[in-house]
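Working through the structure, step by step
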Amino acid sequence: MPAEVPALTSVLATLGDDYVLTLTLNRPDRLNSFNQEVLDDFRAIWDFATGTDDVHVIALRAQGERAFSTGVDVVEGYDLAKEPLKQVDPAAYLSPKLNQCWKPLVCAVQGMAAGGALYWLNEADIIIAGEEATFFDPHVTFGMTAALEPIGLARRIPIGEVLRMALLGNDERMSARRAHEIGFVSEVVPRDRLWPRAQDIAQRIARHPTVAVQQTVRAIWESLDSTRTQALRTGLLYVQVATPPGTSRTQPATRGGYEVR
């Protein structure tokens, strides 16, 4: 039996025999925006996923047709520190890599993905989108500095595209087709195929040796904060750790007991 998923308030979570932890944002009436409950849920999710061997891959999706997420709930908000310099970025709750969770994250995006939704997408390993999906950052439209989400986005797509999204705000939305052209999403599918396709991708990854997968994720993401030489040295260490004893690197027909087909 798979491990028992912790009780959550705003996210539907299931862990199947396929070792995929499927998360569904469940606030469609609020366009899946996040409040403090959502932040607390995701901190618990990353802790659970990191410490549970039964979780090999995480698939994130959202209820409703209008939006994957529109970022922060502007009505309910989230807990703010009284002193500005003590304020914590929502990324501390929402972003898997900041929480040292190296289980692969597959995101399925439908409808609007705006503003704070980028906290998830910026640290996703694979993003697929429905044909109607759009991406935008409304901060400047409302007189707010667009900084944290675009800085994360700049590690994924060309800086010109980041600046266009950040500066145009609500006046322009990036289409799923354009997001695919610039490499932000890896696949665009009809809406009725979005969830099955994301699940299929997650299941395929989950069948691979989990240590090798996690170390692959970690080595590649940590390389973004390193020089080339440092990244290669750290990557070699992860290769040594993740390769099972006795596995031959000179005979690629099998790897960790898995046949290569």
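On a predicted model such as this, the values are computed, not experimentally measured, just so you know.

The next point concerns the overall build of the chain. Each helix and strand in the chain was counted, giving nine helices and 12 strands. Taking 18 Å as the expected radius of gyration for a compact globule of 261 residues, we find that the chain reaches 19 Å, a close match to that expectation. If you line up the chain on its principal axes, its C-alpha atoms span 60 × 45 × 45 Å. Here the chain holds 261 residues, and 45% of them are scored as buried. Only carbon and sulfur atoms are counted for the fraction: they give 54% of the accessible area of the chain, which is about 13700 Å². Averaging the positions of the 26 positive and the 32 negative side-chain charges in the chain gives two centres separated by 7 Å.

One open sheet accounts for six strands, arranged β1-β2-β3-β5-β7-β10; its pairing is mixed. If you trace the sheet from one side to the other, it starts and ends with β1 (11-15) and β10 (187-189), each paired once. Each strand of the sheet is rotated relative to its neighbour by a mean of 20°, with strand direction disregarded. Pairing analysis gives five bridges linking β1 to strand β2 (residues 20-25), with the strands arranged antiparallel. Bridge assignment links Thr-14 to a residue of β2, and that residue is Thr-22.

Time to look at the nonpolar core. Where a protein is soluble and globular, its nonpolar side chains tend to be buried together. Within the largest apolar cluster, 46 residues are counted, with the highest numbers of intra-cluster contacts made by Phe-42, Phe-68, Trp-120, Leu-121, Phe-135 and Phe-184. Looking at which element gives the most residues to this core, the answer is helix α1 (residues 36-51), with seven residues. Once residues lying within four places of it in the same chain are set aside, the contact partners of Leu-121 are Phe-68, Cys-107, Val-109, Ala-113, Ile-127, Phe-135, Arg-156 and Phe-184. In terms of nonpolar packing, the next biggest core, distinct from the first, is built from 14 residues, Val-106, Ala-108, Ile-128 and Ile-201 among them.

For the rest of this paragraph, the subject is helix α5 (residues 159-168). Side chains that are three or four residues apart share a direction in an α-helix, a result of its 3.6 residues per turn. Residues of α5 that are buried include every one of Glu-161, Val-162, Met-165 and Ala-166, and no others. Mapping the buried residues of α5 onto a view down its axis gives an arc of 125°, with all of them on the same face. Among the exposed residues of α5, those pointing more than 90 degrees away from its buried face are Ile-159 and Leu-167. Those residues of α5 that are buried are in contact with α3 (118-121), β8 (134-136), α4 (148-153), β9 (174-175) and α6 (176-181). Positive backbone phi, approximately 55°, marks Gly-169, located one or two places after α5.

We now examine the environment of Ala-91. In this fold, Ala-91 is placed in helix α2 (residues 91-94). Taking the C-alpha atoms as reference points, Ala-91 and Arg-204, separated by 113 residues in sequence, lie 28 Å from one another. Those residues in contact with Ala-91 that sit more than four places away from it in its chain are Leu-98, Asn-99 and Tyr-119.

Let us look at the confidence of the model for the chain. Of all residues in the chain, 91% have pLDDT values of 70 or greater, and the mean over the chain is 91. In the predicted structure, residues 248-261 sits below a pLDDT of 50 and forms 17 contacts with residues beyond four places in sequence or in another chain.

Definitions and cut-offs
- Residues numbered from 1 in each chain as written.
- Predicted model: local features only at pLDDT ≥ 70, side-chain atom pairs only at ≥ 80, totals over all residues.
- Heavy atoms only, no water.
- Helix = DSSP H or I, 4+ residues; strand = E, 2+ residues; numbered from the N terminus.
- Rg over C-alpha atoms; globule rule 2.2 N^0.38 Å.
- Buried < 20%, exposed > 50% of the residue type's maximum accessible area, 1.4 Å probe, protein only.
- Areas by Shrake-Rupley, 256 points an atom, 1.4 Å probe, with all protein chains shown as cover.
- Lys, Arg positive; Asp, Glu negative; His and termini not counted.
- Charge placed at Lys NZ, Arg CZ, Asp CG, Glu CD.
- Pairing = 2+ DSSP bridges.
- Axes fitted to C-alpha atoms, helices over the stretch in contact; angles between N-to-C directions.
- Core = buried A, V, L, I, M, F, W, Y, C linked by side-chain atoms within 4.5 Å.
- Contact = heavy atoms within 4.5 Å.
- Arc of directions from axis to C-beta.
- pLDDT = per-residue confidence, 0-100.

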